[in-house]
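# Results of the structural survey
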Amino acid sequence: MLTATQSRPSLYTLPFWLLCSSNFLFSASFSMMIPELPAYLEGMGGREYVGLIIALFTLTAGLSRPFSGKLTDRIGRVPVMAFGSVVCFLCGFMYPIALSVWGFLLLRLIHGFSTGTKPTATAAYVADVVPADRRGEAMGALGLFTATGMSLGPAIGSGLADSFSLNAMFYTSSVFALLSILILLRMPETLSEREPFRFGLLKLKTDELFDRNARWPFWILLLLSFSSGAVLTVVPALSVKLGVVNKGLFFTVYTVASLAVRVFFSRTSDRYGRVPVLWVSSVVLVLGMGLLVMAGESGPNAFLWFWAGCVAFGLAWGMNSPTVQAWTADLSDEHTRGRAMATMYIALEAGIGLGAVVSGWLYNHMAGGTQAAFAASGLFAVVAVAALSWKWKR
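Residues numbered from 1 in each chain as written. Predicted model: local features only at pLDDT ≥ 70, side-chain atom pairs only at ≥ 80, totals over all residues. Heavy atoms only, no water.

## Things to note about the nonpolar core
The nonpolar side chains of soluble globular proteins are, as a tendency, buried together. Stated formally: The criterion is simple. A nonpolar core is a set of buried Ala, Val, Leu, Ile, Met, Phe, Trp, Tyr and Cys residues joined through side-chain atoms within 4.5 Å. Buried, partly exposed and exposed residues are distinguished by accessible area as a fraction of the type maximum, computed with a 1.4 Å probe on protein chains only: under 20%, between the cut-offs, and over 50%, respectively. The helix count covers DSSP runs of H or I at least four residues long, the strand count covers runs of E at least two residues long, and both are numbered beginning at the N terminus. What makes two residues a contact is simply this: any of their non-hydrogen atoms within 4.5 Å.
Counting residues in hydrophobic clusters, the biggest one holds 98 residues, and the most contacted among them are Phe104, Val126, Val231, Phe250, Leu285, Phe306 and Phe374. Ranked by residues supplied to this core, first place goes to helix α12 (residues 302-331) with 13 residues. Non-local contacts of Phe374, meaning those with residues more than four positions away in its chain, are made with Ala230, Val231, Val234, Val235, Leu238, Met289, Leu292 and Val293. With 5 residues, the next largest nonpolar core counts Phe26, Phe30, Cys88 and Ala177 among its residues.

## Let's talk about the layout of surface pockets
Threshold: Cavities and pockets are defined on a 1 Å grid built over the protein atoms alone: a cavity is a set of grid points where a 1.4 Å probe fits but cannot escape, while a pocket is an open set with protein on both sides within 12 Å along at least five of seven lines, and lining residues are those with an atom within 4 Å of any such point. Grid points are joined across faces, edges and corners, and a volume is the space filled by probe spheres set on the points. Gly is put with the polar residues, along with every residue not named as nonpolar or charged; the nonpolar set is Ala, Val, Leu, Ile, Met, Phe, Trp, Tyr, Cys and Pro, and the charged set is Asp, Glu, Lys and Arg.
Taken as a whole, the largest pocket holds about 280 Å³ of empty space. Lining the largest pocket are 13 residues; nearest its centre among them are Leu191, Ser192, Glu193, Glu334 and His335. Its volume calculated, the second largest pocket comes out at about 220 Å³. Listing elements by their share of the lining of the second largest pocket, those giving two or more residues are α3 (52-74), α4 (77-94) and α5 (101-129). If one sorts the elements of the lining of the second largest pocket by residue count, α3 sits on top with 4 residues. In terms of residue class, the lining of the second largest pocket is made up of 8 nonpolar, 3 polar and no charged.

## Some details on the pattern of salt bridges
Operational definition: By convention in these notes, a salt bridge is any Lys or Arg side-chain nitrogen within 4 Å of a carboxyl oxygen on Asp or Glu.
Tallying each qualifying case throughout the model produces 9 salt bridges. Among the ionic pairs, Glu195 bridges to Arg74, the shortest N-O distance being 2.7 Å. On the criterion of sequence distance, the pair formed by Glu195 in the loop between α7 (166-184) and α8 (215-241) and Arg74 in helix α3 is long-range, its members being 121 residues apart. Note on Glu195: relative accessible area 23%, which makes it partly exposed. Overall, the relative accessible area of 26% leaves Arg74 in the partly exposed class. Among the salt bridges present, the one from Asp128 reaches Arg77, with a minimum N-O distance of 2.8 Å. Taken together, the residues span a long stretch of sequence, with Asp128 in helix α5 and Arg77 in helix α4 at a distance of 51 residues. Take Asp128: its relative accessible area is 26%, and that puts it in the partly exposed class. The buried category is assigned to Arg77, whose relative accessible area is 2%.

Take a look at the structure:
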């Protein structure tokens, strides 16, 4: 019988910690810009395009997923991860010279290639190196570093913009991306049968666009991630409305809440199952969106509802993010794991993009657009709860 020490040999290894560190730097790199970009675009005269800041980013990320999934399964995990970091590195230097609305929007489109590639290969890498019965724990541990980067990034970005300049923020983003690349250079490859890159690999067959094994995680994540698009798009404006000076503070607080869940409950889905944990997280997300609707109404307790909704949102994503990833890995075929992970992330980008576009439209065309955006997010989460209830009973 294995002892506790003997049963944990292959999880927290040096490659795993290197991967975690790279993810921290990568997520901080692109997230530090998010709170400042809406006002930056409005300053260019592009207020009506605020919803496209996230939508264009996620559009390219989603479109690149089938390609990144195939390449992850063919040329290796590490090269695809490195490509994503390189895109972030280059884009950080391009923002200061993209001085027109259309130039800015084009850059956002290009920048999306970063998250369309690196997370796909990262999730496949983790699934390669950890036991199946500890995937929830591993995804939670990896998510700690990713979420920490997402938490600190917006606060760092807003701090740099306020204390120095937006250009300082953009250049710092590039430095973080560069460091994430350097760490990857020491990562051992986990794909045993690799082939060199050739442009013919970019030609996709119909069955390479979507992995049917991942269809359940796809639909659930699509419904849940609408809320992220809404939060990314309208929370900065709501923060200003409520007198929260640092527009990145909401993102920091909700990510801290997410971290707390990952620290104390990372093994929950390994013990109780993926579907039950996702059901609970979806219910918490519905609660969070309801609280943010009340915050948007600017009543006497709006400030309280704002932060309560923030914490609930973080708790929900702290549960559902590693659980969806582990569920996808469980359902995937080891030879097409990259494709399965890509399918899951297509849902993430599509949901965020849809949430951003709809929320941006509501923000610009309705007096209560902020509340309507959060209400729509809650409705999508209710549908996810219903679907998971049906799945749970089967």
